[in-house]
Structure formats: structure tokens, C-alpha cells
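Listed below are the residues making up each chain.
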Amino acid sequence: LLSFIVLLLALSIFAEIKIGVLLPLTGGISAFGDWTKKGIELAHKQKGTALGEKITLVYADTRSEKTEAANAMARLIDKEKVVAVIGEIASSNSMAAAEIAEARKVPQVAVTSTNPLVTQGKKFVSRVCFIDPLQGTALAEFAAKNLKAKKVTIFVDIEQDYSVGLTNYFTERFEKKYKGQVLKVQYKSGDQEFSAQISQAIAFGSDVIMMTGYYNEIALIAQQARSMGYKGYFIAGDGADAPELVKIGGKAVEGLYFTTHYVPEAATTKLAKDFVEAFKKQYGTMPAMNAALGYDAYMLIVDAIERAKSKDPVKINTAIRSTKGFQGVSGTITIDENGNAIKDVIIVKVQNGQFKYETRIEPKDLQ
Ligand code: PHE
């Protein structure tokens, strides 16, 4: 009997809930991973238990690529026995990991993966962000109405589902509704030299260059386009949203507009303001967008675990999928029947090296 009691005690002391964190911690988009991790860690520090048990975070690095994303997801589930997974960031990586989560019936909550295919047809994959049909439409409206754009050259990263998708959603709206002209030029993640595509963009007479990839290449394209004499606007999607954009791009990215999920300046609720303060105190810097969404992904999962009153991944998933009006620091999150969050699109402008809130577009205005 004594040993039984000791065993019970030991079990209760060591009882823990493991949440997997699948992020690009090294490789091409590691800045996104680092910022997300900072947000998740702050959330974990503020709320480190669920159902009276300690929550342990188990990190897995995708090295910013798909194959490793799938492998890392399998490791988290099969070896670490996590009950849910936060991640990834890039749509292509989230999609590769999602195949595994779906097959194992463990909930995955993608952070800022915006391509529709990430959750499409999946029961166990959700996300805390809007999707690219909305983002692409918002960008087309902004380019046509606010920038009076007629000719747009889009730099497409053909290795990223996100970039290809966003390009198409923009083009559809811009050509159909505004009769604008679009030229698409291609590159691949990791490319460094864009002069051939920039020459095409200039020859086309672009009044806007749009970059639908990630911050590294966006910064380089902007620099090279300016040095080749391009004087028009730059616009981009949420793939621009890391402070590293300015570190790499410097003056060349001044004036760039991009769509995104969150900017600290637009924080209005007490919860959102407290988050900014807590983040500054913890890290000595303002939170980047990915930090806020990482924070929300973690808190939403913990909330779902409490509502499920269970550590069973299937039950937790059901709770995640029935999230309604969850108060996050990036806004209110309601998960729809496809696992997507319904949220506003925020437009930001790079000004004096900072991301300045420009405007907000609500889903109902984009019908
Ligand atoms: N939305 C991008 C994708 O789906 C990822 C991303 C989000 C990148 C936010 C940067 C910031 O791939």
C-alpha cells in the first residue's frame, strides 16, 4: 500500500501536459521563429498550468523547411507525446507538418500560416490568423484605391505556397474589379540577385512592385530595385513582418506598405496593452507581430485544454475547433468550421525604420 501511495504521489508531482512548439528556429526565416518563441515563452510564464498540471513546452526546429517540418512533427507526437502542437509559420512548412498531425489525430494550431490549403480538408489543423484570399483582396483594394495603381509587378517566390497563393488572390481582384495589369516575375527562397526581374518590372512601367515572399528577399529586392532607379511604391503581405526587414533593407524599405495581423500601436484592449508592457519588461523591446500571434496560439490551446477538461488530443481538438470570441492580444478569435480565424487585416507602413499603423480592413468590407 505504501509503495502504491508513493507511486501516486510521484505521478501527481510529475504529471505534466506537453505542448509541442514547431518553429523555424534556424534557416531562412528564423527571425519569425525567434519572435514567435518569445511570445509563447511569455505566455507560458504567465500561465504555466492547465487542469492543475504543469505545462511543459517541447521545442522542435524545422530549419525553415518542409521535410524537417514533417519529421519534427512526427518526433513531437510519437516520441514526446505532446497533446497539441503550435506551429509552423510558413504555409508550406505547416502543410507538410499537417499531414502528420492529421494522421495521428493531434491538434495543430498554425500561427501565421495564411494559405487556405493549410487547414483545407483537415479536422485537426486550425490557425489563429486570417487566410490569403482575404489578405490578397485587401492588398488589391489598397493598391487600387489608396495608391491608384494601374500596373503591378509581383515578385513570386515559387518555392512557397504562400507566395504563389497570395499572388493569385491579389491578381484576381486587381484584374477583375479594377482592370489593372499584372506582371509576375519569379524567384526562389534564398536567391540573392534580382536584377533581371527588376529590369522587367521597370520596363513594364510598374507603379507598384509587390513582393509576396518573406522578409529576407523582400529587403534585397527593394534595395536592388532602388539602386536600379525604380521610383514607384512597394507593397507586400505579412511575409514582410519582422523587424529584420528593416535591419536588412535599411532605407530601401522606407515607405513600404504591407498587410499583417497585428501592430502594437493598434492595441486597444487592456489585455493587448498589458501584453505590450509585459513583453517590453521581459525582453527590452516591442513585440513583433509573430510574438503576439504565438502568445495567442498558446493561450488559445491552454483555454481549450481547460474547456475540454481532458488531456486527450481528440477532445482538446474539439475544444479548439469550437473556440468562439476568445480574447487574444491580436484581437478576438473565433475559429470557423474550416479551422480558420476570422480577423481584420491591418495595413502598416515602414516609416523611420518603424512599422506604423496605417489602416484596418474588416472582412465584411472585402466582399
Ligand atoms: N503568412 C505566411 C505564410 O503563410 C507566413 C508569415 C506570417 C510570414 C507572418 C511572416 C509573418 O507562409
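We now turn to the structure provided with this report. (Residues numbered from 1 in each chain as written. Predicted model: local features only at pLDDT ≥ 70, side-chain atom pairs only at ≥ 80, totals over all residues. Heavy atoms only, no water.)

1. Regarding the sheet that holds strand 4 (residues 84–87)
Where we set the bar: Following DSSP output, two strands are said to pair if at least two bridges run between them. Helix and strand definitions here come from DSSP, where helices need a minimum of 4 consecutive H or I residues and strands a minimum of 2 consecutive E residues; each element is numbered from the N-terminal end. The contact rule is simple, with two residues in contact once any of their heavy atoms fall within 4.5 Å. Here the axes come from fitting lines to C-alpha atoms, over the contacting stretch only for helices, and the angles between their N-to-C directions go from 0 to 180 degrees.
As summarised here, the arrangement of the 6 strands in space is 2-3-1-4-5-6, forming an open sheet in which the pairing is mixed. The outermost strands of the open sheet, each flanked by one partner alone, are strand 2 (49–50) and strand 6 (125–127). Sheet topology places strand 1 (residues 16–23) next to strand 3 (residues 53–61); 8 bridges connect them, and they run parallel. Looking at the pairing, Glu-16 lines up with Lys-54 of strand 3. Contacts from helix 2 (residues 30–46) reach strand 1, strand 3 and strand 4, with the element oriented near 175° to strand 3. In the packing of helix 4 (residues 91–104) onto the sheet, contacts are made with strand 1, strand 4, strand 5 (108–110) and strand 6, and the angle to strand 5 comes to roughly 165°.

2. Looking at the pairing of strand 9 (residues 208–211)
Just so we agree on the cut-off: Each residue is placed in one exposure class: buried if its accessible area under a 1.4 Å probe, protein chains only, is under 20% of its type's maximum, exposed if it is over 50%, and partly exposed if it falls in between. If you view a crossover with the strands going away from you and the path from the first strand over the helix to the second runs clockwise, you call it right-handed.
Side-chain alternation along strand 9 places Val-208 and Met-210 on one buried face and Ile-209 and Met-211 on a second face that is also buried. Direction of pairing for strand 9 relative to strand 10 (residues 233–236): parallel, over a ladder of 4 bridges. Looking at the pairing, Met-211 lines up with Ala-236 of strand 10. Taken together, strand 9, helix 8 (residues 215–227) and strand 10 form a β-α-β motif whose crossover is right-handed.

3. What about the sheet that holds strand 7 (residues 151–157)?
On the basis of which strands lie adjacent, the open sheet formed by 7 strands has the order 8-7-9-10-11-14-15 and mixed pairing. In the strand order of this sheet, the two ends are held by strand 8 (181–187) and strand 15 (354–361), each with one partner. Ignoring strand direction, the axes of neighbouring strands in this sheet form an average angle of 25°. Judged from the 2 bridges that link them, strand 10 and strand 11 (residues 257–260) form a sheet pairing that is parallel. Residue pairing in the sheet places Ala-236 in a bridge with Phe-258 of strand 11. Along the sheet face, helix 5 (residues 132–146) touches strand 9, strand 10, strand 11, strand 14 (345–351) and strand 15 and points at about 150° away from the line of strand 11. Here helix 6 (residues 161–178) sits on the sheet in contact with strand 7, strand 8, strand 9 and strand 10, set at roughly 165° to strand 7.

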